[in-house]
Amino acid sequence: MTDSFFSKEPPHLYLLFLSCLLLLLTVFVVYPNDLRLQSLFSACSNNGPSILGPVSTRPDFRVLIGIITTPWTFERRHLLRHVYSKSLWPAKNVTDYLDIRFVICNVTNNEEHISMLELEIMAYDDIIILNCTESTFFAKTHSYFTSLPDFFGRGRPYDYVMKTDDDTYLRLDALVASLRDKPRNDMYYGVEIPCNGTEFNFWIPAPFMTGLGYVLSWDLVEWMADSKVPVNLMLQPEDMMVGWWLQMGKKGKNRYNSFPMMYDIRGDDQEPNCFRHDLTTDTVAVHRLKENSRWATVLKYFNVTRGLIKLSKLHYIA
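Residues numbered from 1 in each chain as written. Predicted model: local features only at pLDDT ≥ 70, side-chain atom pairs only at ≥ 80, totals over all residues. Heavy atoms only, no water.

Asks: Residues and numbers for the overall build of the protein, please.
Replies: Each helix and strand in the protein was counted, giving 9 helices and 13 strands. The buried share of the protein, reckoned over its 318 residues, is 43%. At a minimum sequence separation of 6, the contacts of the protein that also span at least 24 residues come to 72%. Here the protein has roughly 18000 Å² of accessible surface; of this, 58% comes from carbon and sulfur atoms. (Helix = DSSP H or I, 4+ residues; strand = E, 2+ residues; numbered from the N terminus. Buried < 20%, exposed > 50% of the residue type's maximum accessible area, 1.4 Å probe, protein only. Contact = heavy atoms within 4.5 Å. Areas by Shrake-Rupley, 256 points an atom, 1.4 Å probe, with all protein chains shown as cover.)

Asks: Go over the packing of helix H3 (residues 74-83) against helix H9 (residues 292-301), please, and point to the residues and values.
Replies: At a minimum axis distance of 13 Å, the contact between H3 and H9 shows a crossing angle of 5°. If you check the angle between H3 and H9, you find them roughly parallel. Contact residues: H3 offers Glu75, Arg76, Leu79, Leu80 and Val83, while H9 offers Asn292, Trp295 and Leu299. A breakdown of the residues in the contact of H3 with H9 according to their chemical character gives 5 nonpolar, 1 polar and 2 charged. (Axes fitted to C-alpha atoms, helices over the stretch in contact; angles between N-to-C directions. Parallel < 35°, antiparallel > 145°, perpendicular 65-115°, else oblique. Nonpolar A, V, L, I, M, F, W, Y, C, P; charged D, E, K, R; others polar.)

Asks: Mind laying out the pairing of strand S9 (residues 213-217), listing which residues take part and the relevant values?
Replies: Residues in a regular strand project their side chains so that they alternate between the two faces of the sheet. A large share of S9 lies buried, amounting to 5 of its 5 residues. Burial along S9 is two-sided: the residues Gly213, Val215 and Ser217 and Tyr214 and Leu216 are all buried. As paired strands, strand S4 (residues 160-165) and S9 are joined by 5 bridges and run antiparallel to one another. Pairing of Thr164 across the sheet is with Gly213, part of S9. Pairing of strand S6 (residues 187-190) with S9, which is carried by 2 bridges, proceeds in the antiparallel orientation. Paired with Tyr189 across the two strands is Val215, which belongs to S9. (Pairing = 2+ DSSP bridges.)

Asks: Give me the side chain of Lys182: which residues, what numbers.
Replies: On the secondary structure map, Lys182 appears in the loop between helix H6 (172-179) and S6. Residues in contact with Lys182, not counting those within four places in the same chain, are Tyr160, Met187, Tyr189 and Tyr256.

Asks: Quick rundown of the packing of aromatic side chains? Include the residues and the values.
Replies: According to the stated counting rule, one finds 11 aromatic pairs in the structure shown. Note on Phe151 and Phe152: the rings are 4.7 Å apart at their centroids and 80° apart in plane angle, and the pair reads as edge-to-face. The interplanar angle of 85° and the centroid separation of 4.8 Å between the aromatic rings of Tyr301 and Phe302 together place this pair among those described as edge-to-face. Its relative accessible area of 13% is what places Phe302 among the buried residues. The ring centre of Phe61 lies 4.6 Å from the NZ or CZ of Arg180, which sits over that ring. One residue, Lys182, lies across the ring of Tyr256, its end atom 5.3 Å from the ring centre. (Phe/Tyr/Trp six-rings, centres within 6.5 Å; stacked < 30°, edge-to-face > 60°. Lys NZ or Arg CZ within 6 Å of the ring centre and 35° of its normal.)

Asks: Requested: an account of the side chain of Thr283, with residues and values cited.
Replies: The topology assignment puts Thr283 in the loop between strand S12 (276-277) and strand S13 (285-287). Classification of Thr283 by relative accessible area gives buried; the value is 0%. A polar contact is formed between the side chain of Thr283 and the backbone oxygen of Thr280, at a distance of 2.6 Å. (Polar contact = N/O pair within 3.5 Å; in protein donor to acceptor, adjacent residues only side chain to side chain.)

See the structure below:
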């Protein structure tokens, strides 16, 4: 039977050969980047980061944004998901890769929070739960940074890692533009304290970037995970201590003060200073948005909300 097949029906072999050749040509033409087909599946992975925009090759600019939040602030996370959704932030460059995650400490002692968080995780899969206690004095920031190499793997899965708060609004396009020309090693970026004209009532061991939002290059995150320096220096608010850790370890030599593009919003009864002022068009991040009324003001100022709903109308039809 085998001899008869090859001798009497050679067209079958030709068809098989041509089919294989066509398949190989398709792979090399459509996926020329070292056959990195795994990039097609990265958006579907439960453990992998979410891609904003159709990326078919390894992105050349990767930022992990960790939003420090608490288990019970469900409404704020819901707001931020809308603010940072694809429809409100269309990626101008499909090789820009922003992974936005919410960071909280464990919630093993509250059944209500556990149930609500489980629903969020099933729906969005964008929450990192750390083994820590909810407090700025109990190693939450340290746990966040030091857990990332184990969670995402070594070998620079991201160029930069950002820590920010859930009362900070980030203009993502502006953030990407401000980081794109910065070094991707030994880099520490944010609003530096102390700054001129401001008095503080606590001891500052070293200049540091305020907690409204600061960025570390990935090599500093790996250093923080491996070094004993942070473990032995955890006595003050952690955003302050990050600056102290880097100074003690002789790290973060490429420092960039992003003021006035990142700042606290000025209240009606407050004077402007070196880290607080009115809204400006070149903003990268604005902080102290603890009330929804302030969020409404900021989103309107930056045209995030576009006046679709007219108060004079009884109904709005899309």
